[in-house]
Number of protein chains: 2
Amino acid sequence: MERLPGFRDFYPEPLPDRDAWSAQVRQYVFERWRAIARRYGFVEYDGPPLEPLELFTLKSGEEIVKQLFDFVDKGGRKVALRPEMTPTLARMVAAHQRNYKKPLKWFAIPQLFRYEKQQKGRLREHFQFNADIIGEAGAAADAELIALLIDTLRAFGLTEQDFVVRLSSRKVWEEFLEPKRAKLGLGPDQVEAFYQAVDKLGRDTAAESQSKLAALGLSLDEVNEFIHAARPTAELQSILENLAARGLAAYVQIDYRIVRGLAYYTGPVYEAFDRKGEFRAIAGGGRYDNLIRLVSGGKIDLPALGFGMGDVVLVELLKARGLVPKLDAGLDAFCIIEDETLRSDTLRLVQRLRNAGLAVDYPLGETKPDKQIKRAHELGAKRTVKLERAANGLLVRIRNLASREEKTGAPEQVETLVQST
Amino acid sequence: MERLPGFRDFYPEPLPDRDAWSAQVRQYVFERWRAIARRYGFVEYDGPPLEPLELFTLKSGEEIVKQLFDFVDKGGRKVALRPEMTPTLARMVAAHQRNYKKPLKWFAIPQLFRYEKQQKGRLREHFQFNADIIGEAGAAADAELIALLIDTLRAFGLTEQDFVVRLSSRKVWEEFLEPKRAKLGLGPDQVEAFYQAVDKLGRDTAAESQSKLAALGLSLDEVNEFIHAARPTAELQSILENLAARGLAAYVQIDYRIVRGLAYYTGPVYEAFDRKGEFRAIAGGGRYDNLIRLVSGGKIDLPALGFGMGDVVLVELLKARGLVPKLDAGLDAFCIIEDETLRSDTLRLVQRLRNAGLAVDYPLGETKPDKQIKRAHELGAKRTVKLERAANGLLVRIRNLASREEKTGAPEQVETLVQST
């Protein structure tokens, strides 16, 4: 029996299959995400992976259903596996925001699901680090989030040579379109088509871009000219200065080609890319000041902004740059049982060591001594521990497998002996 | 918009609603689970929350579909949200077992889903600590798992006064039934009905039990007599002695009323209960030696055993016993900005402190000083940090909010000053 296409199994290391995903690497990524979020004063939340379908269509329209794992449950409810976290966040904040002082700084690490058309290497689920600030309208909040994004990537060993955050703003393009809107008859659909065309500037050919823009009564030249001539707005300028004060200026640049696909962004938007351009965006986010009002049915109105960073592109990038560390899941000790009459005494020793917080294993059944030593090495044990009969009772022998140092002592001292060998 | 019934939101603390679930408590539980599993030499794995429906019906029959969140995906596949982890584990092991030396000691913390009939407080999802040993037929492996179960509960502060593991074996009942099988005409359905009746002995009335057993040609008296007279089998005796050698004898007792609902158990089975009998089982498991053969279509045959411990009953029990610790999510420092012209310099300080691994927050916008102090307290900050203008440049003032100790120094020494105040 096979797993579903587009889903991942996470195996413990080591697995020779280089496409296999590792639960150990995943845990390393999650721990870094949590650590840096906490450093920035963000607190963790989570919601259900299954939500009412309407929560997602409300925000993104019926179009999104094509990309969802949606169904009708046994109670007749239309439900869907979450394709993104922001609607759940907005729902949760709308329900309980009175219990919290603003601004909220919240993060989550949800698993997200999309029924993508199947392509090689294209997954249908990923984990995403989501960080959001709720209840702060000023650009200082945008800068705080971008700083968190940068420091999160730096925490994995990535430097300004490896990645850049491209910063833009929906407002810049609104100002560009404003004088043309009436003349060209640009309604919401045309504006959305325009954003999609700008979003694809780097990937479409010039002819394709020209054709898309011409359909809206615009030319590729005037758009390119605007992109190159445009200077940071006062808002973006304050974000840049804020990041510069933190020493993070080298990680960010203005790039008006960034508009972000989703319709709900209202202000600054940004995406992080690897400098070599080998991968899709590592992370992206922006300000979405209207969403909580929408999800709460107009009852609550709070400015909000956030970003998401997926685990798939990040781990691919870390692998490509040699930045996945050799993770130590090794045991502190492997207890050898050469003499089966000492099994109970060895179990007592195992329990003592585990009670002291040490990671310890031993052979569950009778096993030849050389196989036990081999097993200790396979499991990455740092030491072997062996009980032996001595003239005046039992003796414990600790051997450090790297240094080959050996120590012996009374079984009652085993914790100290292990920790010092 | 509401979340789906039976699903939980996990809010950051503090939330006055006492029924609310806390992401912080969840993280505390997960970290304990991981820590103790590692101490026992278990390594982490995970699989997809969505699996082919057949993976679950293969093991448990079509009956289980009633309890599943199942649907047909956009590719026409019958799929289901996982109701338990064991089939996924068996699938993963069958696919890659050649890459691993036996025995495998694997654990996971999946979220599991069941479409339960709706009752007050009855959830449709929970997280479950799963630990399994694959490839070891001897009872030493059963004892190792039960020891892990006990030490996991002890790690939360629960003692032998709080809980007990009730140990039984399917084999004992097979021996009880064997001589009666032909005479009473007991086929697999009757045997399953018998196990269900035994499983409910503590909860059904005597009349209900008597009626169920009489339908099979048995009497409640003979069953009760067998339960009280039966002595540990050699296998169970060796598990008890093994646990006694570890000093864990007080946590386990033989109780043949335990049979576990699921049909696939083949040997020792056990459940952990709170001693006061206030809650459903805290954890349960057993040996399932035939499952991997079944899931691999007969290709791979490995003995296996495991247990599961859910987060819901565990957290309810910990709350009832006052064992949910006061979790410190507090900040190491809150930086006060009294003078807005010092904002950039303060941002530099914030960055320095975060670079040093400290959790730091500050006001994102201009805020009255007394409100900033209030905010520092609300966020559980241990210290305030404030830049001030001095005769010869800038001065940083650290104040410990508990001890009220104050220190001042140069901004370049802020990390050391914060850590020592």
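The structure we're discussing is the one just above.
A few points on the structure.

Looking at the overall build of chain A
Thinking step 1. Of regular secondary structure, chain A possesses 14 helices and 19 strands.
Thinking step 2. Relative to its length of 421 residues, chain A is extended, with a C-alpha radius of gyration of 28 Å against a globular reference of 22 Å.
Thinking step 3. Looking at chain A as a whole, 57% of its 421 residues qualify as buried.
Thinking step 4. Element-wise, carbon and sulfur atoms account for 48% of the exposed surface of chain A, whose accessible area totals about 17,800 Å².
Thinking step 5. In chain A, 63 side chains carry a positive charge and 60 a negative one; their mean positions are 2 Å apart.

Re the sheet that holds strand β5 (residues 70-72) of chain A
Residues and elements named next belong to chain A.
Thinking step 1. The strand order across the open sheet formed by 3 strands is β4-β6-β5, and the pairing between neighbours is antiparallel. Both outer strands of the open sheet, β4 (50-52) and β5, are each paired with one neighbouring strand and no more. Strand after strand, the sheet turns through a mean of 35° between neighbouring axes, direction not considered.
Thinking step 2. Sheet analysis places β4 next to strand β6 (residues 78-81), joined by 3 bridges and oriented antiparallel. The residue bridging Leu50 from the neighbouring strand is Leu81, located in β6.
Thinking step 3. Across the sheet, helix α2 (residues 53-60) lies against β4, β5 and β6, angled at about 65° from β4, the strand it touches most.

Observations concerning the packing of aromatic side chains
Thinking step 1. Within the structure shown, the criterion is met by 46 aromatic pairs over all chains.
Thinking step 2. Residues Phe163 of chain A and Tyr251 of chain A carry aromatic rings whose centres are separated by 5.2 Å and whose planes lie at 35° to one another, so their mutual orientation is tilted. Note that Phe163 of chain A is positioned in strand β10 (residues 163-169) and Tyr251 of chain A in the loop between α9 (234-245) and β11 (252-254), a separation of 88 residues in sequence.
Thinking step 3. Through a chain of ring-to-ring contacts, the aromatic side chains of Phe10, Trp21, Phe30, Trp33, Phe107, Phe127, Phe129 and Phe307 of chain A assemble into a single cluster.
Thinking step 4. In this structure, Arg124 of chain B is placed above the aromatic ring of Tyr115 of chain B, and the distance from its NZ or CZ to the ring centre is 4.0 Å.
Thinking step 5. Positioned over the ring face of Trp21 of chain B is Lys319 of chain B, at 5.3 Å from the centre of the ring.

Some thoughts on the interface of chain A and chain B
Thinking step 1. With 95 residues of chain A at the contact, the number on the chain B side is 93 residues.
Thinking step 2. Summed over both sides, the interface between chain A and chain B buries roughly 7,900 Å², with carbon and sulfur atoms accounting for 57% of that surface.
Thinking step 3. At the boundary of chain A and chain B, one finds 12 salt bridges.
Thinking step 4. With a closest N to O distance of 3.0 Å, Arg26 of chain A and Asp46 of chain B form a salt bridge.
Thinking step 5. Where chain A packs against chain B, one counts 49 residue pairs in polar contact (both at pLDDT 80 or more).

Focus: unusual backbone geometry
Leave glycine aside and you will find that most residues have negative phi; peptide bonds, for their part, are mostly trans.
Residue and element names in this part refer to chain A.
Thinking step 1. Of note, the amide linkage connecting Lys102 to Pro103 takes the cis form, showing an omega dihedral of -10°.
Thinking step 2. Mapped onto the elements, Pro103 comes out in the loop between α3 (86-96) and β7 (104-108).
Thinking step 3. Phi is positive for Arg404, which is not a glycine, with a value near 65°.
Thinking step 4. By the secondary structure assignment, Arg404 is in the loop between β18 (393-400) and β19 (406-409).

Focus: the pattern of salt bridges
Residues and elements named next belong to chain A.
Thinking step 1. The final tally for this structure, using the stated rule, is 76 salt bridges over all chains.
Thinking step 2. Residue Asp311 is joined to Arg8 by a salt bridge in which the shortest nitrogen-to-oxygen separation is 3.0 Å. Of this pair, Asp311 sits in helix α11 (residues 311-320) while Arg8 sits in the segment before β1 (10-11); the two residues are 303 residues apart in sequence, bridging distant segments of the chain.
Thinking step 3. Of the residues examined, Asp311 reaches a relative accessible area of 3% and is grouped as buried.
Thinking step 4. The exposure class of Arg8 is buried, given its relative accessible area of 2%.
Thinking step 5. Between Arg166 and Asp255 there is a salt bridge, with its nearest N and O atoms 3.6 Å apart. One end of the pair, Arg166, is in strand β10; the other, Asp255, is in the loop between β11 and β12 (268-274), with 89 residues separating them in the sequence.

Examining α9 of chain A
Thinking step 1. Look at α9 of chain A: 16 Å from first C-alpha to last across 12 residues, which is about the 16 Å you get at 1.5 Å a residue.
Thinking step 2. Turning to α9 of chain A, its buried residues number three or more, namely Glu235, Leu236, Ile239, Leu240, Asn242, Leu243 and Ala245 of chain A.
Thinking step 3. Looking at the buried residues of α9 of chain A, the elements they touch are α4 (139-154), β10, α5 (170-184), β11 and β12 of chain A together with α12 (343-355) of chain B.
Thinking step 4. Looking one or two residues past α9 of chain A, Gly247 of chain A carries a phi angle of roughly 80°, positive in sign.

A closer look at the sheet that holds strand β16 (residues 360-361) of chain A
Strands belonging to one sheet form pairs held by backbone hydrogen bonds; the direction of such a pair is parallel or antiparallel.
All names here are of chain A.
Thinking step 1. One open sheet holds the 5 strands; their spatial order is β16-β15-β17-β18-β19, and the pairing between them is mixed. Among the strands making up the open sheet, the edge pair consists of β16 and β19.
Thinking step 2. In this structure, strand β15 (residues 333-336) lies alongside strand β17 (residues 383-390), joined through 3 bridges in parallel fashion. Residue pairing for β17: Phe334 is matched across the bridge by Thr384.
Thinking step 3. Contacting β15 and β17, helix α13 (residues 369-378) crosses the sheet at an angle of about 170° to β15.

Cut-offs and rules
- Position numbers for residues start from 1 in each chain and track the written sequence from start to end.
- Naming scheme: in the order in which they are written, chains are lettered from A and ligands are numbered from 1.
- With the structure being a predicted model, the display of local features is reserved for residues of pLDDT at least 70 and the display and counting of side-chain atom pairs for 80 or more, all residues being used for whole-chain, interface and lining totals.
- Hydrogens are left out, water is left out, and the side-chain values use all remaining heavy atoms of the structure.
- Runs of E in the DSSP output that reach at least two residues are strands. Runs of H or I that reach at least four are helices, and both are numbered from the N terminus.
- With C-alpha atoms as the basis for the radius of gyration, the globule rule is written as 2.2 Å multiplied by the number of residues raised to the power 0.38.
- Exposure is judged per residue with a 1.4 Å probe applied to protein chains only, and the accessible area is read against the type maximum: over 50% gives exposed, under 20% gives buried, and values in between give partly exposed.
- Here the Shrake-Rupley method, with its probe set to 1.4 Å, supplies the accessible areas, and only the displayed protein chains count as covering residues.
- Neither His nor the chain ends is counted toward charge; the positive residues are Lys and Arg and the negative residues Asp and Glu.
- Throughout, a charge is located at the NZ atom of Lys, the CZ atom of Arg, the CG atom of Asp or the CD atom of Glu.
- In this scheme, strands are said to pair when DSSP sees at least two bridges between them.
- The axes used here are C-alpha line fits, helices contributing only the stretch in contact, and every angle between their N-to-C directions lies in the interval 0 to 180 degrees.
- Contact between two residues is taken to exist if any of their heavy atoms lie within 4.5 Å; hydrogens are not considered.
- Side-chain rings of Phe, Tyr and Trp (the six-membered ring for Trp) are treated as a pair once their centres are within 6.5 Å; stacked means planes under 30 degrees apart, edge-to-face means over 60, and tilted covers the remaining angles.
- In this scheme, the term charge over a ring applies when either NZ of a lysine or CZ of an arginine sits within 6 Å of the ring centre and within 35 degrees of the ring normal.
- Buried area: the sum, over both parts, of the accessible surface (1.4 Å probe) that disappears when the two are put together.
- Within this document, salt bridges are pairs made up of a side-chain nitrogen of Lys or Arg and a carboxyl oxygen of Asp or Glu, the two lying within 4 Å of each other.
- For this analysis, a polar contact is any N or O atom pair within 3.5 Å, provided that within protein one partner can donate a hydrogen and the other can accept it, and provided that sequence-adjacent residues contribute only side-chain to side-chain pairs.
- To estimate how far a helix should extend, the number of its residues minus one is multiplied by 1.5 Å.

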